[in-house]
Amino acid sequence: MTENAWTRWPSREALGRAGTSRPRRILAWAVRVLVLAMLMWGAYHQRHMGVQGVAAGMAGVVVAGVLAWGLFRTTYQHRLVPSLVLMCALMALAAGAEAAGFQGGALVIWCGCAITGLERLPLGAALPVTTTCLAAYSAFNNDVWMTTAATVAGMALAGYVLRLDAEARGNAQRLLAQERAARAAEAESAALAERARIAREIHDVLAHSLSAQLVHLEAARLLIENGADRDRILERVVAARGMARDGLAETRQALSALRGELTPLEDFLSDLVSGADGAEVTVTGERRPLPAEASQAVRRVAQEALTNVRKHAQGAKVQLRLDYSEHEVTLDVRDSGGRPGELTGSGGGYGLLGMRERAELLGGSLDAGPGEEGFVVTLKVPV
């Protein structure tokens, strides 16, 4: 059956105490103490009943407290039948108190049941309960009819206002829980993205240094086993040392990037080609700082492209062109072609693929292929 306004319970957040301010809790306890005092006064005020009558009244107060506690628990658990049973028990207790002469206590119980039912039960069940309790209050109250009518209307209005207030508090609690969950998910997503960025940086450093070192060291091992002369072996060891030095420098750059301490992109590219013969850098457009991810992508693609030139086109002239446009930055690396280098077979062939994935993660693109003379790598990253 589809739940509607008549069968829907107030939420557990509304029926619970979470989100209730301290002044409100103090007021609630003050009301409970006042009700208990009225019940106690009703029990002791009947002097003509003697000790046994007063004891019976006190027992009734205790029973009423236990039943009210159970009612609060069952309504919080959204159990309709036990809640109605407890409500009927309270109403029967009020009827018994009225018959025994404890009119004050009976009126308090009827009023409490009327307000509590309207505040905590589904409307379809709350209206009959509240109507019955208020009718009993009106029938046994000794005030003039206008006072009784005003009291009945005020209690009905108070119960409904308390219901609306509790539902508003419950909605606020749910929204707060959803916001906290969204913030936790956002923080987790940011942490995962940062881990992925660190993993990419470490992968790039290893791909640019350790694989080349391994090739040189393996070649040195083979030369030693074949009894090659000292100069050829030393050449390979020196080359491996140079690769290790370059890898250490790249590691420092990666750590600086992770800390947000990036050198200007133009200076980085100039330093990158400073040790390469026949390589030059051209920068066009209005220079401006780039986001860390975009700047790092440009740096890595430039490194990978120059590494590929050293591997596959030794002696080629290289032109790096960095162009700043309004919405994107473009890096164009093209070489004039040359002879394959001794490191042609090194690496797994995943460098440009990793750069393309990095560009796509940023919403950009990377194209690599033969040009008019040599090889062309073009990276476009939105900024």
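This structure is a prediction, so every number in the text was calculated from the model and none was measured. (Residues numbered from 1 in each chain as written. Predicted model: local features only at pLDDT ≥ 70, side-chain atom pairs only at ≥ 80, totals over all residues. Heavy atoms only, no water.)

Peer 1: Explanation requested: the overall build of the chain in the structure shown.
Peer 2: The helix and strand inventory of the chain stands at 11 helices and 5 strands. When each of the 383 residues of the chain is scored for burial, the buried share is 36%. Here the contacts in the chain between residues at least 6 apart in sequence split such that 69% fall between residues at least 24 apart. (Helix = DSSP H or I, 4+ residues; strand = E, 2+ residues; numbered from the N terminus. Buried < 20%, exposed > 50% of the residue type's maximum accessible area, 1.4 Å probe, protein only. Contact = heavy atoms within 4.5 Å.)

Peer 1: Looking at this structure, how should I read the sheet that holds strand 3 (residues 328-335)?
Peer 2: The strands making up a sheet are joined through hydrogen bonds of the backbone, oriented either antiparallel or parallel. Taking strand neighbours across the sheet as the criterion, the 5 strands line up as 1-2-3-5-4 in an open arrangement whose pairing is mixed. Looking at the sheet topology across the chains shown, the edges are occupied by strand 1 (279-284) and strand 4 (365-370). In this sheet, neighbouring strand axes are inclined to one another by 10° on average, regardless of whether the strands run parallel or antiparallel. With 7 bridges connecting them, strand 2 (residues 318-324) and strand 3 associate as antiparallel partners. Residue pairing in the sheet places Leu320 in a bridge with Val333 of strand 3. The sheet contacts of helix 9 (residues 265-274) involve strand 1 and strand 2, and relative to strand 2 the element is tilted by about 180°. (Pairing = 2+ DSSP bridges. Axes fitted to C-alpha atoms, helices over the stretch in contact; angles between N-to-C directions.)

Peer 1: It is not clear to me how the pattern of salt bridges should be interpreted in this structure. Could you clarify?
Peer 2: Close approach of charged atoms lets side chains of opposite charge pair. Overall, the coordinates contain 6 salt bridges when judged by the stated rule. Between Glu179 and Arg183 there is a salt bridge, with the nearest N and O atoms lying 2.6 Å from each other. Taken as a pair, Glu179 and Arg183 lie in helix 7 (residues 145-225) at a separation of 4 residues, close to a single helical turn. Its relative accessible area of 37% is what places Glu179 among the partly exposed residues. A relative accessible area of 55% means that Arg183 is categorised as exposed. Glu225 is the partner of Arg221 in a salt bridge, and the nearest nitrogen-oxygen pair spans 2.4 Å. One end of the pair is Arg221 and the other is Glu225, both in helix 7 and 4 residues apart, which spans about a single turn. On the basis of relative accessible area, Arg221 is assigned to the partly exposed category, the value being 37%. When salt bridges with common partners are traced through the structure, they connect Glu218, Arg221 and Glu225 into a single cluster. (Salt bridge = Lys/Arg side-chain N within 4 Å of Asp/Glu carboxyl O.)

Peer 1: I tried to follow the packing of aromatic side chains on my own but got confused; where do I start?
Peer 2: Two descriptors summarise a pair of aromatic rings, namely the distance from one centre to the other and the angle between the planes of the rings. Scanning the entire structure with this criterion turns up 1 aromatic pair. With centroids separated by 5.4 Å and ring planes inclined at 10°, the aromatic side chains of Trp110 and Phe140 adopt a geometry described as stacked. Of this pair, Trp110 sits in helix 5 (residues 103-120) while Phe140 sits in helix 6 (residues 123-140); the two residues are 30 residues apart in sequence, bridging distant segments of the chain. The ring of Tyr76 is capped by Arg12, whose NZ or CZ atom sits 5.7 Å from the centre of that ring. Over the ring of Phe268 we find Arg299; its NZ or CZ atom is 5.1 Å from the centre of that ring. (Phe/Tyr/Trp six-rings, centres within 6.5 Å; stacked < 30°, edge-to-face > 60°. Lys NZ or Arg CZ within 6 Å of the ring centre and 35° of its normal.)

Peer 1: Hey, could you run me through unusual backbone geometry in this one?
Peer 2: Glycine aside, a negative phi is what most residues show, and trans is what most peptide bonds show. For His78, which is not a glycine, the phi torsion comes out positive at approximately 60°. Mapping His78 onto the fold places it in the loop between helix 3 (50-76) and helix 4 (80-99).

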